[in-house]
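Tertiary structure, described
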Amino acid sequence: MLPPQLQKAWVAECAQACIDKEIHPELLQTTSVRLGQDICKQEAEFQQKRARHIHRSFAEFIGEPVESIDPRDIPLIGIAGSGGGFRAMVATLGSYRAMHLAGLAQCVTYDAAVSGSSWAIAALHTYANGNPLKVLDSVHEAMKTSMFSTANLSEFITENDGMAKRLLSAAKAVFKTVSVPPLSIVDLYGALLFRKLIVQHLKQDDDKGPSLQLDSRWVRLSAQSAAVDQGQLPMPLYTAVRHFIGSDDNDPDKAQLSKYQWFEFSPYEVGSIDHGAWIPSWAFGRPMVDGHEQFKIGEVHFGGILGAASSAFCASVKAMIMEIYMAVPAAVRSAMDPLLDRIEHGTEIAHPIPPYTLYNPFYQIASSTAELAELGSKPLLSLMDAGMDNNLPFAPLLRPERGVDVIVCLDASANIEIMPWFARAEAWASDHGVERWPWGVRPVRQSMNKRIRDDNIRCVVFDQPVALSPLPKPKSLPRPVTVLYLPLLPNPNFRNPGFDPETADFCGTFNDKWSSEQVDLLADLASFNMTQEIERIREAVKVAYKRKRAHRLYHEGL
């Protein structure tokens, strides 16, 4: 039975699927909000199962007898995929292909992503079952046409029978007194992304174009838990941010108080890293008040999550200006510097394109902290691309309770050499009391650039701090997280030494139409760089293992 505000004639066609228990078996369950910084019970069990599952693969990767390795000592490895649109997606797949062939991918515990790399991770954790070769085959076919082309949009509208248009008009007529999430361009964008990248494209022998296959399970994020439950695949961690502007009335004078708050989406939970507030993934999208659901509707469509995770076009006016600033030559940037100083504070909080908005699962949640009370002050929650804050997903991987030991950064950002991702990660670590961050490390320093460019190094290892920690002195010396940084750069030893993703037009962040040759060129470069550095990575992982083992034995008094 639908709640009263949904009992309208159009619901039979437009919303009945949202309450169909055969389509959404999660409707049989009642949910509640979980508060706390700890990882959930399912994830804790996953970590143990994953360690047992990768035991032999890890031993083979570091070249040690399997019987000599205690699964408790296997370092938790997290991949940090960057934003960068379709360039990041293809490069991430190329890197994964090389990691898969080298045996590194089989040792990973977490797949974290921002924006474009989310699409690669999503495909790996749906129809591909962890196989990057399978994703690349589909991408070759899917990228031949633009998802924004007239033909593709016409097919999309026909397939969905004009549903979105009717929903828009019906929602305005029906929900006059009920706060409802507005449909936006992000919803359409997410649906198009889902059709292009999660619907598998299979090449056919004739010229009719690829055949499309979709397992209906993949419309739900929670369905990705099937392989995770047994430790067969790493846990995917998708990300987005909420823009907290520092005031309830959007006062531009208070814009200097604004900040981005990180949210993560796993097959088990969705929630705020900054606030420690969580809801089961299968219940994400239900209207909640004070931690209790108001009525049951089906899990939010995974396409919506993909749209939110990669909605860079929802940036603030200031962020858009900075995108232009970063894209122009250095001489032009110098001329723009005086203009940037005159940008008003209000441009930091003005978002011309509204972000992805849905029911706030933490609305009116009882809390003893002002921060959580503020999060729950509005019935709707708006989320956008986490690249607004950091184009690498350090936040979910640096959570102390998660215990990640090695972070492999696959950075396919534009303007890599001037981006402040490590400085921002360090600031986040300081604000959140992350003692294990290797303080002071920066891959874009002049001395480091020389190693990367002149010495053709494509993986820089940071496993020790080079500056004092800003945090209070801990009771015991923490083990630093090992950070491996692999920037997407040209390589003079690659089959096409002149190919530079930074300058190649087809590698533009928002270009979604590529030839098969272009997909191969970028994926092959990323694979080549990863393969070139695999021994350096292997040694860093082995050191992390020995360090973790020594730490355990010391605390056990052995």
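The paragraphs below set out a description of the structure included in this document. (Residues numbered from 1 in each chain as written. Predicted model: local features only at pLDDT ≥ 70, side-chain atom pairs only at ≥ 80, totals over all residues. Heavy atoms only, no water.)

1. Details of the pairing of strand β16 (residues 482–487)
Both faces of the sheet carry side chains from a regular strand, because those side chains alternate between them. Threshold: Partly exposed describes any residue whose relative accessible area lies between the buried limit of under 20% and the exposed limit of over 50%, with all areas from a 1.4 Å probe on protein chains only and scaled to the type maximum. Numbering goes from the N terminus for both helices and strands, where a helix is a DSSP run of H or I of at least four residues and a strand is a run of E of at least two. Strands are treated as partners if at least two bridges between them are detected by DSSP.
Extensive coverage of β16 is indicated by the burial of six of its six residues. Every second residue of β16 is oriented toward a common face, with Thr482, Leu484 and Leu486 on one face and Val483, Tyr485 and Pro487 on the other, all of them buried. Note that strand β14 (residues 406–411) and β16 share six bridges and pair parallel. In the strand pairing of β16, Asp411 is matched with Pro487. When strand β15 (residues 460–462) meets β16, the two strands line up antiparallel, connected through three bridges. Residue pairing for β16: Phe462 is matched across the bridge by Val483.

2. Looking at the packing of helix α9 (residues 185–197) against helix α11 (residues 302–309)
What counts, and what does not: Helix axes are fitted only over the stretch in contact, all axes being lines through C-alpha atoms; the angle between N-to-C directions runs from 0 to 180 degrees. Roughly parallel means an angle under 35 degrees; roughly antiparallel means over 145; roughly perpendicular covers 65 to 115; every other angle is labelled oblique. For any pair of crossing helices, the crossing counts as left-handed if the nearer helix is rotated counterclockwise from the farther one by less than a right angle, and right-handed if it is rotated clockwise. Note on definitions: a residue-residue contact is assigned when non-hydrogen atoms from the two residues lie within 4.5 Å. When residue character is reported, Ala, Val, Leu, Ile, Met, Phe, Trp, Tyr, Cys and Pro are called nonpolar, Asp, Glu, Lys and Arg charged, and the others, Gly included, polar.
Contact pair α9 / α11: the axes reach a minimum separation of 7 Å and the direction vectors enclose 110 degrees. For the element pair α9 / α11, the angle class is roughly perpendicular. The chirality of how α9 crosses α11 is right-handed. Residue-level contacts link Val186, Tyr189, Gly190, Ala191, Leu193 and Phe194 of α9 to Phe302, Gly303, Leu306, Gly307 and Ala308 of α11. Classifying every residue of the contact of α9 with α11 by side-chain character gives eight nonpolar, three polar and no charged.

3. Section: the sheet that holds strand β9 (residues 277–280)
The 10 strands lie next to each other as β1-β9-β8-β7-β6-β3-β2-β14-β16-β15, forming an open sheet whose pairing is mixed. In this open sheet, the two strands that pair with only one neighbour each are β1 (34–35) and β15. In terms of strand pairing, strand β6 (residues 235–244) meets strand β7 (residues 259–265) through seven bridges, oriented antiparallel. Of the residues in β7, the one forming a bridge with Val241 is Trp262.

4. Concerning the pairing of β6
Taking burial as the measure, the 10 residues of β6 include 10 buried ones, the bulk of the element. Residues of β6 alternate between two faces, with Met235, Leu237, Thr239, Val241 and His243 on one and Pro236, Tyr238, Ala240, Arg242 and Phe244 on the opposite face, all of them buried. Pairing analysis gives three bridges linking strand β3 (residues 110–113) to β6, with the strands arranged parallel. Bridge pairing in β6 places Asp111 opposite Pro236.

5. Focus: the packing of aromatic side chains
For clarity, the threshold we go by: Only rings of Phe, Tyr and Trp enter the pairing, Trp through its six-membered ring, and a pair is recorded when the two centres are within 6.5 Å. The plane angle decides the type: under 30 degrees is stacked, over 60 is edge-to-face, the rest tilted. Here, over-ring charges are defined by two tests on the NZ atom of lysine or the CZ atom of arginine: distance to the ring centre within 6 Å, and angle to the ring normal within 35 degrees.
Taken as a whole, this structure holds 15 aromatic pairs when the rule is applied. For the pair Phe265 and Phe284, a centre-to-centre distance of 5.8 Å together with 70 degrees between the ring planes defines the contact as edge-to-face. Separated by 19 residues along the polypeptide, Phe265 in strand β7 and Phe284 in the loop between β9 and β10 (288–289) bring together distant segments of the chain. Phe284 matches Phe265 in its accessibility class, with the two residues each being buried. Members of the aromatic cluster, each reached through a chain of ring pairs, are Phe394, Phe422, Trp437, Phe462 and Tyr485. In this arrangement the basic side chain of Arg538 is found over the ring face of Phe61, its NZ or CZ atom lying 4.7 Å from the centre.

6. Brief notes about the environment of Trp428
Mapped onto the elements, Trp428 comes out in helix α16 (residues 421–431). Residues Trp428 and Leu398, spaced 30 residues apart in sequence, show a C-alpha to C-alpha distance of 9.2 Å. The residues touching Trp428, leaving out its near neighbours within four places in the chain, are Trp262, Ile273, Asp274, Ala395, Leu398 and Val434.

7. So, the pattern of salt bridges
Convention followed: Salt bridges are counted wherever a side-chain nitrogen of Lys or Arg sits within 4 Å of a carboxyl oxygen of Asp or Glu.
Enumeration according to the criterion identifies 27 salt bridges in this entry. Ionic pairing is found between Asp70 and Arg552, a salt bridge with its closest N-O pair at 3.8 Å. With Asp70 in the loop between α3 (55–62) and β2 (77–81) and Arg552 in helix α19 (residues 534–555), the pair connects residues that are 482 residues apart, well separated along the chain. One salt bridge in this structure joins Glu264 and Arg399, with 3.1 Å as the shortest N-O distance. Taken as a pair, Glu264 in strand β7 and Arg399 in the loop between α15 (394–398) and β14 lie far apart in primary sequence, 135 residues in all. Glu264 sits in the buried class, given a relative accessible area of 2%. Three or more residues joined by partner-sharing salt bridges are found here, namely Glu43, Glu264, Arg399, Glu401 and Arg402.

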